[in-house]
Amino acid sequence: MNITESIPDFGFSTELNEAHEAFEQSLGIITYVEGYEDVRFWTKEFKKLNLEITAQEISATGSANGKGTILSAIKEGRIALGKKLLFVLIVITITCLIKT
Amino acid sequence: MHLSQIEIINLWDKEKITLSFKNRVTFLTGINGSGKSTLLNIIYDTLDIHGKKVLPATSKNRFWSAEAQFENNATIQTAILPEISEQKSITEEISRLHQQKISFHNFESLKEIEKFYQKDEENKEIHHINYSGDIKGQLKIQTLNPQFERKHSNNPLAFLFQEDRETLHNIEKSNIDFSLNYWQLYRNSIDNRFAYLRNIIQILESQNNTIAKDLMLENQDMESIKESDKYKDWQNKATAFNHAITRLNTYFLNSGKEISRDHENKLTLKFIDKEEEISWHLLSRGEKTLIYLFFVVFLYKDKVEVFLFDEPEISLHVKWQHNLIKDLSELAPDNQFIIATHSPSLVQNGWLGNCLDVSNA
């Protein structure tokens, strides 16, 4: 039995982000991106659009396959996307998500 | 020297469980009872390479073997079997197998060894599933491959923090006065460790101050002092120490407190706008835990390779959890961290891709 990396089943969702506010910790709108280098890119793009969205990499130490890891977590319901929890893969995807 | 993989044989009746550590920071997740703490204990026991001194295993399980593989191809194999003093034949038999260089890191071999125990005492089967709370001895068989450089001759390669377990610090050798009423009436599980840490930090600071004094007494000009290795060493230690305090103070800012020293020159907190320190006994469990975690990382980063933390988030506010692992791992940039957790707040800030879900192990 090999145990490999996967996003934990902690119920990541807009509701969980909002629950943090009860502890005086507003996470705002978070969007997960594939890797560290994407954080800079997306932060700039959101600023241009005057959007207050935090771009957050999936792994701070790098070697994880961000795209595959996030997609399987969404598919298996370990991450529930919503108005305060987004995921950007390509520009078209984020445009659709922000509009919802 | 980072641990890249641990392979465990014959745990929970599974032939083999393999955990790969691709990142410097790894989280073990999974529902209660899925085995996160057991895995941390087995990793610790495997990396505990005390020379002649054999300490009790932190794992309650027996009949397992684990192989730790490091990035430089060094390996350590450790097997933990029960020891039953009245059954010398078993000990002799196992010793004979060890001398014959029979591998204990093999499912079939371990199953055969289990039979020795059942054969000699037919009515008393000893196995992890029958663990009844009786004190179970241990036979530890350990093999280090030639690539393994034993630079930590008398220290385990890992540091283990389990809040609900007895501390692994050598408290008996400290000068803590346990006769005070506080220890009888109000002691909680972090207090022993916290008091121990305060002592050690005080000693460390005092040693560093002595080095600084010696340097000044050497009657050299400041420029030559600054060039000396002794000064550079002192400066590095002082900078690292101050960095730890600066980071810690960011956590206490919200409650208007900061790190200070009490009348014994030991660590505690004080209100920023007041002169008087708060007695360490009055600090909250979360405050003690946070200070403890920061300073054990600071103290042990050069002594061990891996930090094993079992639910370090217990008693910490979600705000404090958010940056905790980032801060701790930055304090020890060359060390590896393996952390068991139930907390989304601990992993949400950049660690989602660093989690191993052990539920299906």
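This one's a predicted model, so the numbers in the text were calculated from it and none came from an experiment.

Conventions used here
Residues numbered from 1 in each chain as written. Chains lettered and ligands numbered in written order. Predicted model: local features only at pLDDT ≥ 70, side-chain atom pairs only at ≥ 80, totals over all residues. Contact = placed C-beta atoms within 7 Å. Helix = DSSP H or I, 4+ residues; strand = E, 2+ residues; numbered from the N terminus. Nonpolar A, V, L, I, M, F, W, Y, C, P; charged D, E, K, R; others polar. Expected span 1.5 Å × (residues − 1). Buried ≥ 20, exposed ≤ 12 C-beta atoms within 10 Å, placed from the backbone. Pairing = 2+ DSSP bridges. Axes fitted to C-alpha atoms, helices over the stretch in contact; angles between N-to-C directions. Parallel < 35°, antiparallel > 145°, perpendicular 65-115°, else oblique. Left-handed = near helix turned anticlockwise from the far one by under 90°.

Draft legend 1. Region of the structure containing the interface of chain B and chain A. Contacts between the two partners involve 28 residues from chain B and, on the opposite side, 26 residues from chain A. Taken together, the elements giving at least two residues each to the side of chain B that touches chain A come down to strand E2 (14–20), strand E3 (25–29), helix H9 (318–331), helix H10 (344–347) and strand E13 (355–357) of chain B. For the side of chain B that touches chain A, the element with the highest residue contribution is E2 of chain B, accounting for 6 residues. Across the side of chain B that touches chain A, the residue classes tally to 12 nonpolar, 9 polar and 7 charged.

Draft legend 2. Spotlight on helix H8 (residues 285–300) of chain B. All names here are of chain B. Across its 16 residues, H8 extends 22 Å between first and last C-alpha, which sits within 8% of the 22 Å expected from 1.5 Å per residue. Of all 16 residues in H8, 12 are buried, a share of seventy percent or more. Those residues of H8 that fall on the buried side of the exposure criterion are Glu287, Lys288, Thr289, Leu290, Ile291, Tyr292, Leu293, Phe294, Phe295, Val296, Val297 and Phe298. Residues of H8 that are buried sit in contact with strand E7 (158–162), helix H5 (191–217), helix H7 (229–252), strand E9 (267–271), strand E11 (306–310) and H9.

Draft legend 3. Layout of the sheet that holds strand E6 (residues 139–144) of chain B. Spatially, 6 strands are ordered E1(A)-E2(B)-E1(B)-E4(B)-E5(B)-E6(B) in an open sheet, and the strand pairing comes out mixed. In this open sheet, the two strands that pair with only one neighbour each are strand E1 (2–3) of chain A together with E6 of chain B.

Draft legend 4. Up close: the environment of Val306 of chain B. All names here are of chain B. With respect to the helices, strands and loops of the structure, Val306 is situated in strand E11. Classification of Val306 as buried rests on a count of 23 C-beta atoms within 10 Å. Separated by 245 residues in sequence, Val306 and Asn61 place their C-alpha atoms 22 Å apart. Not counting residues up to four positions away in its chain, the partners in contact with Val306 are Leu3, Leu47, Leu157, Ala158, Asn335, Gln336 and Ile338.

Draft legend 5. Just the packing of H7 of chain B against H8 of chain B, in detail. Residue and element names in this part refer to chain B. With their axes 11 Å apart at the nearest point, H7 and H8 run at an angle of 160 degrees to one another. It follows that H7 is roughly antiparallel to H8 by the angle criterion. Crossing of H7 over H8 shows right-handed handedness. Here H7 contributes Ala240, Phe241, Ala244, Leu248 and Tyr251 to the contact with H8, which in turn contributes Leu290, Ile291, Phe294, Phe295 and Phe298. Broken down by class, the residue content of the contact of H7 with H8 amounts to 10 nonpolar, no polar and no charged.

Draft legend 6. View of the packing of H8 of chain B against H9 of chain B. All names here are of chain B. Between H8 and H9, the least distance of the axes is 9 Å, while the angle of their chain directions is 15 degrees. The angle between H8 and H9 places the two elements in the roughly parallel class. Where H8 crosses over H9, the handedness of that crossing is right-handed. Counting all contacts with H8, which are made through Leu290, Leu293, Phe294, Val297 and Phe298, the residues of H9 involved are Trp320, Leu328 and Leu331. Across the contact of H8 with H9, the residue classes tally to 8 nonpolar, no polar and no charged.

Draft legend 7. Spatial organisation of the sheet that holds strand E4 (residues 85–87) of chain A. All names here are of chain A. Across the sheet, 3 strands lie side by side as E3-E2-E4; this open sheet has parallel pairing. Unpaired on one side and paired on the other, strand E3 (53–57) and E4 mark the two borders of the sheet. Going from strand to strand, the sheet's axes swing by 30 degrees on average, the running direction of each strand aside. Sheet topology note: the strand E2 (residues 29–33)/E4 ladder contains 3 bridges and is parallel. In the sheet register, Ile30 faces E4, and the bridge partner there is Leu85. Most of the contacts of helix H2 (residues 36–48) go to E3, to which it runs at about 170 degrees, and overall it touches E2 and E3.

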